Amino acid sequence: MASASTITRTASPQRSLVRRVMLAQESGLVLVIVLLGIALAVFGGNKSKRVQDPQTGAWNVVEVNKFLDVQNLVLLVKDASFIAVMAVGMTAIIVMGGIDLSVGSTYALSALVGGIFLRHNWTNAPPWLMKFWSSPGPNPRHTAMKAAFACLLLGGVAAAFVGALNLLAKGWGGIVARTEAMGRRGGYLRLLLIAGGVLIGVAALWGAAEGVMWVRSAPQGSDGLPLVQSLVIGVGVCCLVGALCGLVNGALIVGLKVHPFIITLGMMAVLRGLSFVLTQGMPVSGFPDSFTKGFFKKEMLKDALGGVYPVPVLVMVVVAALGAFLLARTVLGRRVYAIGGNETAAHYAGIPVGRVKIIMYTLMGLLAGLSACMYLGYLGAGSSDAGQGYELSVIAAAVIGGASLSGGRGSAVGAVLGAVLIQLINNAMIILDIDTNYTNIVMGAAIVAAVVLDQAKARLMPGAR
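This is a predicted model, so every value here is computed, not measured.

Enquirer: I would appreciate a short explanation of the confidence of the model for the protein chain in the present structure.
Expert: When pLDDT is low, close inspection of the predicted coordinates is not appropriate. Mean pLDDT over the protein chain stands at 75; residues scoring 70 or higher make up 65%. Averaged pLDDT values for the elements of the protein chain fall to 45 in helix α5 (residues 128–133) and rise to 92 in helix α13 (residues 331–341). Predicted confidence is poor over residues 4–11, with pLDDT under 50, and the contacts of this stretch with residues over four places away or in other chains come to 1 contact.

The structure is reproduced here in structure tokens:
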């Protein structure tokens, strides 16, 4: 017969597990979503909907619940997926104690560049460098541009080479310690390393801009592009542009030691300006059918779900699973939590704080590019004003999902649930016939309420995470 102490020891882990589940932020979000959904189903009313009889082919008008309609539910989650994918990356940034205000601009620029490459006629390989270096006829302006480009590139390579030798010999931490001991000469060495990276980055961006402008002005026509090739171009270019934007954010934050709020605020304006300059404010369209109808708008999936396409939802689920695994089960994720908990302690513990920050900001940009690719494939066009106001929505989803603005706490699943809750609020305003001009008011109130409740929960229940 089991003793009382044995029963206590076996029951304690079960009570502890139940307590953790009940106190988890995700549990509260699921409860709020369910209750709000029940309220919308009860008070939202019905609507008339035309439905085709699969046997006779005749169209009939039936009464369906506004909220519980399958088309409305899938569209709700689909609209949330564009925000949720970026909110997963934003959660990691906020957990690390940072912020990224440039996600909307990164989203727009990635979509535009990806759209330009998608609609290009790829029957012949584009000789970007040949076109750049061999302009027909004497052109003093173009010659000056080439000379300046060559000076930037060579100067950057030379400066970075000297810095790289020291980096390989001593490592970044060794360079910092050595240059502090060397005084003025050490300062020159660090400046040389940073300047070399900046010059190479400027030269690379200049060359990339020339390539993008050439592709934009080249003949269009990619209707016959195969599915795999169109996906590689669309997903690859969008994610690459987003990752480069995130890399610049991270490098500037770490290299210049300026608060992320200032850097990403400036990048938000710069990238938004580049989006308008790149297309002169004109939309980008004319993508291959294999990219839109062949993947993002599969007809068989549409027919199965009553006229909607769930591909963005599937992408959101995959990103949420990968984000949850990265934050909870990898060394990089543990380092993110450690930096957010106490950056100074993480530095003294041997964690490469600067490297982790650059990696996470790069991943944030990559996810913004992936969301932009979903936007292109689903809508079939991109515009310069895409992603306006997404900064608020993405940060709101992360904060409502449980990410603490003081750092050290948050989850990828919570970010997805936060995005769904935000879209559910928008959907509720439409179903209940509330003026949509109040949407931003409700969004701001939700952010404030989430932060206040999170702080109250931390004070009243220290065991809650």
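Enquirer: Looking at this model, I keep getting lost on the packing of aromatic side chains. Mind explaining?
Expert: Centre distance and the angle of the planes are the two values used to describe a pair of aromatic rings. The full count for this structure, using the stated rule, is 3 aromatic pairs. Aromatic pair Tyr-107 and Tyr-375: ring centres 5.4 Å apart, planes at 40°, arrangement tilted. On the criterion of sequence distance, the pair formed by Tyr-107 in helix α4 (residues 103–118) and Tyr-375 in helix α15 (residues 353–379) is long-range, its members being 268 residues apart. Summarising the burial analysis for this pair, Tyr-107 and Tyr-375 share the class buried. Taken together through their ring pairs, the aromatic side chains of Tyr-107, Tyr-375 and Tyr-390 make up a single cluster.

Enquirer: Even after reading the chapter, I still don't get the pattern of salt bridges, so can you show me in this structure?
Expert: Side-chain pairing between opposite charges can occur once the charged atoms of the two side chains come close. Per the counting criterion, the structure on display carries 3 salt bridges. Here Lys-47 ties to Asp-69 by a salt bridge, and the two come within 3.5 Å at their closest N and O atoms. With Lys-47 in strand β1 (residues 46–52) and Asp-69 in the loop between β2 (59–65) and α3 (70–95), this residue pair connects regions lying 22 residues apart in the sequence. Residue classification places Asp-69 among the buried positions, given a relative accessible area of 8%. The salt bridge partner of Asp-79 is Lys-78, with a shortest N-O separation of 2.6 Å. Exposure remark for Asp-79: the relative accessible area of 28% places this residue in the partly exposed category. Overall, Lys-78 belongs to the buried group, its relative accessible area being 9%.

Enquirer: How do you make sense of the nonpolar core when you look at a structure like this?
Expert: A general trend in soluble globular proteins is that nonpolar side chains are found buried together. Membership of the largest hydrophobic core comes to 96 residues, with the highest contact counts inside it found for Met-90, Met-96 and Leu-376. When neighbours within four sequence positions are excluded, Met-96 is seen to be in contact with Val-336, Ile-339, Gly-340, Val-356, Lys-357, Met-360 and Tyr-361.

Enquirer: Can you walk me through the packing of helix α12 (residues 311–329) against α13 in this structure?
Expert: Two packed helices can be described by the angle between their axes and the distance between those axes. Interaxial distance between α12 and α13 falls to 5 Å at its minimum, and their mutual angle equals 70°. In terms of orientation, α12 lies roughly perpendicular with respect to α13. On the side of α12, the interface is formed by Leu-326, Leu-327, Ala-328 and Arg-329, while α13 contributes Leu-332, Gly-333, Arg-334, Val-336 and Tyr-337. Across the contact of α12 with α13, the residue classes tally to 6 nonpolar, 1 polar and 2 charged.

The rules we used
- Residues numbered from 1 in each chain as written.
- Predicted model: local features only at pLDDT ≥ 70, side-chain atom pairs only at ≥ 80, totals over all residues.
- Heavy atoms only, no water.
- pLDDT = per-residue confidence, 0-100.
- Helix = DSSP H or I, 4+ residues; strand = E, 2+ residues; numbered from the N terminus.
- Contact = heavy atoms within 4.5 Å.
- Phe/Tyr/Trp six-rings, centres within 6.5 Å; stacked < 30°, edge-to-face > 60°.
- Buried < 20%, exposed > 50% of the residue type's maximum accessible area, 1.4 Å probe, protein only.
- Salt bridge = Lys/Arg side-chain N within 4 Å of Asp/Glu carboxyl O.
- Core = buried A, V, L, I, M, F, W, Y, C linked by side-chain atoms within 4.5 Å.
- Axes fitted to C-alpha atoms, helices over the stretch in contact; angles between N-to-C directions.
- Parallel < 35°, antiparallel > 145°, perpendicular 65-115°, else oblique.
- Nonpolar A, V, L, I, M, F, W, Y, C, P; charged D, E, K, R; others polar.

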